[in-house]
Amino acid sequence: GIGYETALDFAKRGAKVILACRDPQRAEKARAKIIEKTGNENIFVKLIDLASFDSVRAFAEEINTSEDRLDILVNNAGVIGLGPKKSIDDQLLIMQINYFSSFLLTNLVLDLLKKTGSSRVVNVSSLTAAYVKNFDLSKINKYSSNLKVYATTKLCNILFTIELARRLEGTNVTTYSLHPGAVKTDILRYTQGLQGVISGLFVNLFSKTSEEGAQTTIYCSVAKGIERYSGEHFSNCQKVSPYATATIPGLSKKLWKLSEEIVRLKPEEIRF
């Protein structure tokens, strides 16, 4: 999918790439394929399960201990079709995988990002976020429908980016959110019934390839001269106007505060 193509592009540029994955077998296959295609052997797999805050913390601790720099953090995770399932941390599973764990991970590696200088945090969102209306933070863990909850997670990615950029002002760390386009990946593998059939037909007929879909992620990660657009949203490798709900005054700040509570950030882990 998009994550693999993004990692492949970074590897072609000679970067050290860490694949943060849940499934070790699939991850090792991706690693071997990237090395074969690029000749870059500086590709590593580290395990993380975004459905567990403890796993995120363990991953972050390993990164902070083993790495002396972190130039680009791409928060690419995205699932849909999980229904009302809850995580081990008693959060709506899709909310935790698509948003809360990325929020936690980013906060836990912020010192390393700042130490590196001129580093970037890239959050993969979706156009579906534009259709979220009447966003109620008190119902953030309430299930409505697969598509509505998915769209809400992607709006959270954007709001997170906006607030993160505000908090990072005066540092050399910048952040961007993006819509990759409708991309033919396996994201719909959990979507069942008529919704799954219709979604699958649409994706197969009208979507981009994974390589095409990764281009805006790659652009936000490496393009020169976009630092002044920290906190902005991108599509088709261009800055676009923010979605209406993302412009509500104070909403990003309120989401940040709630997210700190949900992921249980400790006082010593809060960097702002």
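Placed above this text is the structure.
Presented here is a report on the structure given in the accompanying data block. None of these values were measured; they are calculated from a predicted model.

Regarding the side chain of Glu 163
Within the element layout of this structure, Glu 163 appears in helix H6 (residues 146–167). Among the polar contacts made by the side chain of Glu 163, one reaches the side chain of Arg 167 at a distance of 2.9 Å. Within polar-contact distance, the side chain of Glu 163 engages the side chain of Ser 252 at 3.2 Å.

So, unusual backbone geometry
Its identity as a non-glycine residue notwithstanding, Ser 118 has a phi of 55 degrees, on the positive side. The exposure class of Ser 118 is exposed, given its relative accessible area of 59%.

Points about the packing of helix H3 (residues 53–66) against helix H4 (residues 93–108)
Put simply, H3 and H4 touch, their axes get as near as 10 Å, and they point 35 degrees apart. For H3 against H4, the interelement crossing comes out right-handed. Packed against H3, whose contacting residues are Phe 53, Val 56, Arg 57, Phe 59, Ala 60 and Asn 64, the element H4 presents Gln 96, Phe 100, Ser 101, Leu 104, Leu 105 and Leu 108 at the interface. Here the contact of H3 with H4 is built from residues that sort into eight nonpolar, three polar and one charged.

Remarks on the pairing of strand S5 (residues 174–179)
Counting buried positions over the six residues of S5 gives six, a clear majority of the element. In S5, alternate side chains face the same way, and those of Thr 174, Tyr 176 and Leu 178 on one face and Thr 175, Ser 177 and His 179 on the other are all buried. Across five bridges, strand S4 (residues 120–124) lies against S5 in parallel orientation. Counterpart to Asn 123 in the pairing with S5 is Ser 177. Traced from S4 through H6 to S5, the parallel crossover comes out right-handed. Relative to strand S6 (residues 233–235), S5 runs parallel, the two being bridged by three bridges. Across the sheet, His 179 pairs through a bridge with Ser 235, a residue of S6.

What counts, and where the lines are drawn
- Residues numbered from 1 in each chain as written.
- Predicted model: local features only at pLDDT ≥ 70, side-chain atom pairs only at ≥ 80, totals over all residues.
- Heavy atoms only, no water.
- Helix = DSSP H or I, 4+ residues; strand = E, 2+ residues; numbered from the N terminus.
- Polar contact = N/O pair within 3.5 Å; in protein donor to acceptor, adjacent residues only side chain to side chain.
- Buried < 20%, exposed > 50% of the residue type's maximum accessible area, 1.4 Å probe, protein only.
- Axes fitted to C-alpha atoms, helices over the stretch in contact; angles between N-to-C directions.
- Left-handed = near helix turned anticlockwise from the far one by under 90°.
- Contact = heavy atoms within 4.5 Å.
- Nonpolar A, V, L, I, M, F, W, Y, C, P; charged D, E, K, R; others polar.
- Pairing = 2+ DSSP bridges.
- Right-handed = clockwise from strand over helix to strand, strands pointing away.

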